[in-house]
Amino acid sequence: KTYVIHYVKVIVSQVRSSNDQEQSGSHTIVTIHDETRSRELEAMKVDFVSMAAHELRTPLAAISGYLELLKIKERENLQGENKRYVDQALISAKELGDLINNLLDVTRIEKGTLALHMEEVDLAASAHQAVQDAYFTAQKKNISLSYAGEENNCMVVGDEVALREIINNLLTNAIKYTENGGSIHVNFGKRGQTFAVSVKDTGYGIPKASLPNLFTKFYRVHGGLDSGSTGTGLGLYISKSIAERHGGTITVESQEGIGSTFTFIIPELTAARLDEMKQKQPGNLNVRRHRGWVTQNINR
Ligand code: ADP
């Protein structure tokens, strides 16, 4: 015997006539919608993106490699305009690499194959370091960047690379969506049994109507063609998904023209939590790359 799995959506609604409620009683409408096919299509789309992103990585690595080589070998001859061209090409190659990594992360999240390596992580140290690393980028826009709260010794259970990714995303966004000369303040603190990292900026802010969509895939508020801002609208979706995998969350408060505060909250480390998270972790975790994760099963 072979079985075929069907995914169905069942909607049950009650219908009552307003004038003769008592006589005819109520009726119920049941709609059954077979979603098997649309799910299959969705899965095919995800597979396609995953495959395309994988295939793009190899030639991109070659491009970046040769550009680096050119820079080293031609150090003396590469000057002025030509040096700028090569540097710009390297920057663009890096942006393309980030985009590919984002697409891969999204497909892993959708397929449930994003493997996190759970261990004890000092979140305060990570957050503090991330802010230090962002000074240079902030400085280029003349944005002041400050940090308050613990700088170490605040332990959580998590994937260190993934947690850094969340904080970096919030910081990069704050810098990207704040005018030159603005300011960003990062606060680290304990709230009950959790730690909260909040990133507050004096940037463009987000319209109320956009807030419910902010954490969905590909959604961008300040992404108009003439805005000059580049991005994919994937960063917050990925960050929120990763936060939730850690039992945490990301929330936002914002006022247009005034600024935004994004807050990442995650439970503190307890022995029970460490056990629980490690249990959920697949046994044969492979080596992590310098950024991103290795999937358990790349069946594409
Ligand atoms: P990306 O930055 O690549 O567009 P994200 O998912 O990180 O994607 O962000 C989605 C959208 O949310 C951005 O396009 C931007 O319009 C808005 N946004 C994110 N962070 C901020 C912020 N700190 N201030 C104002 N708008 C923001």
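Up top is the structure these notes are about.
First, a word on what this report is: a plain description of the structure on this page. These numbers were taken from a predicted model, which means no experiment stands behind them.

## A few points about the overall build of the protein chain
And then number 1: Along the backbone of the protein chain there are 7 helices and 9 strands.
And then number 2: Looking at the protein chain residue by residue over its 300 residues, the buried ones come to 36%.
And then number 3: In the protein chain, once contacts between residues fewer than 6 apart in sequence are set aside, the share between residues at least 24 apart is 70%.

## Notes on helix α5 (residues 160-176)
And then number 1: Given a rise of 1.5 Å per residue, 17 residues ought to cover 24 Å, and the 24 Å separating the end C-alpha atoms of α5 matches this to within 8%.
And then number 2: For α5, the complete set of buried residues consists of A162, L163, E165, I166, I167, N169, L170, L171, N173, A174 and I175.

## Regarding the site of the ligand
And then number 1: Around the ligand there are 20 residues in total, and N173, Y177, D201, R220 and H222 lie nearest to it.
And then number 2: Between the ligand and L236, the relevant distance is 2.8 Å, taken from an oxygen atom to a main-chain nitrogen or oxygen of the residue.
And then number 3: When the ligand sits alone it has 540 Å² of accessible area, and the protein chains cover 97% of it.
And then number 4: When residues of the shell around the ligand are traced back to their parent elements, those giving at least two are α5, α6 (235-245) and β9 (259-267).
And then number 5: Ranked by residues supplied to the shell around the ligand, first place goes to α5 with 3 residues.
And then number 6: In the shell around the ligand, the residues fall into 9 nonpolar, 8 polar and 3 charged.

## Let's talk about the nonpolar core
And then number 1: Among the nonpolar cores identified, the biggest contains 48 residues, and L123, L163, I166, L171, F188, F262 and F264 are the most heavily contacted of them.
And then number 2: Among the elements that make up this core, the one with the highest residue count is α5 (8 residues).
And then number 3: When residues no more than four places from it in sequence are discounted, the contact partners of L123 are C154, V156, L163, I167, F188, F195, V197, F264 and I266.
And then number 4: Ranked by size, the runner-up nonpolar core spans 5 residues in total, among them A53, A93, I100 and L104.

## A closer look at the packing of aromatic side chains
And then number 1: Taken as a whole, this structure holds 2 aromatic pairs when the rule is applied.
And then number 2: Between F188 and F195, the ring centres sit 5.7 Å apart and the planes meet at 35°, which makes this aromatic pair tilted. Accessibility assignment for this pair places F188 and F195 in one class, buried.
And then number 3: Between F215 and F262, the aromatic rings sit 6.5 Å apart at their centres with planes inclined by 70°, giving edge-to-face as the arrangement. Of this pair, F215 sits in the loop between β7 (194-201) and α6 while F262 sits in strand β9, placing them 47 residues apart in sequence. The burial state of F215 is the same as that of F262; both residues are buried.

## With respect to the sheet that holds strand β6 (residues 183-191)
And then number 1: One open sheet holds the 5 strands; their spatial order is β4-β6-β7-β9-β8, and the pairing between them is mixed. Two strands lie at the open edges of the sheet, namely β4 (144-149) and β8 (249-255), each paired on one side alone. When the angles between neighbouring strand axes are averaged without regard to direction, this sheet yields 15°.
And then number 2: Taken together, the 7 bridges between β7 and β9 define a ladder with antiparallel strand orientation. Looking at the pairing, A196 lines up with I265 of β9.
And then number 3: Contacts from helix α4 (residues 123-140) reach β4, β6, β7 and β9, with the element oriented near 170° to β4.
And then number 4: In this fold α5 packs onto β4, β6, β7, β8 and β9, with an angle of close to 175° to the strand it touches most, β9.

## Some points on unusual backbone geometry
And then number 1: A positive phi angle, near 60°, is found at N142, a position not held by glycine.
And then number 2: The topology assignment puts N142 in the loop between α4 and β4.
And then number 3: For N142, a relative accessible area of 59% translates into the label exposed.
And then number 4: With a phi close to 65°, F218 is a non-glycine residue in the positive phi region.
And then number 5: Mapping F218 onto the fold places it in the loop between β7 and α6.
And then number 6: Relative accessible area serves as the criterion here: at 52%, F218 is assigned to the exposed category.

## A word on the packing of α4 against α5
And then number 1: Remark: α4 packs on α5, axes separated minimally by 10 Å, with the N-to-C direction vectors making an angle of 35°. Helix-helix and strand crossings are classified by hand; for α4 and α5 the assignment is right-handed. For the pair formed by α4 and α5, the contact residues are L123, S126, A127, Q129, A130, V131, D133, A134, T137 and A138 on the first element and E160, L163, R164, I167, N168, L171 and I175 on the second.
And then number 2: The class makeup of the residues in the contact of α4 with α5 is 10 nonpolar, 4 polar and 3 charged.

Thresholds, definitions, all that
Residues numbered from 1 in each chain as written. Predicted model: local features only at pLDDT ≥ 70, side-chain atom pairs only at ≥ 80, totals over all residues. Heavy atoms only, no water. Helix = DSSP H or I, 4+ residues; strand = E, 2+ residues; numbered from the N terminus. Buried < 20%, exposed > 50% of the residue type's maximum accessible area, 1.4 Å probe, protein only. Contact = heavy atoms within 4.5 Å. Expected span 1.5 Å × (residues − 1). Near = heavy atom within 4 Å. Polar contact = N/O pair within 3.5 Å; in protein donor to acceptor, adjacent residues only side chain to side chain. Areas by Shrake-Rupley, 256 points an atom, 1.4 Å probe, with all protein chains shown as cover. Nonpolar A, V, L, I, M, F, W, Y, C, P; charged D, E, K, R; others polar. Core = buried A, V, L, I, M, F, W, Y, C linked by side-chain atoms within 4.5 Å. Phe/Tyr/Trp six-rings, centres within 6.5 Å; stacked < 30°, edge-to-face > 60°. Pairing = 2+ DSSP bridges. Axes fitted to C-alpha atoms, helices over the stretch in contact; angles between N-to-C directions. Left-handed = near helix turned anticlockwise from the far one by under 90°.

These results come straight from atomic positions and should not be treated as a statement about function.
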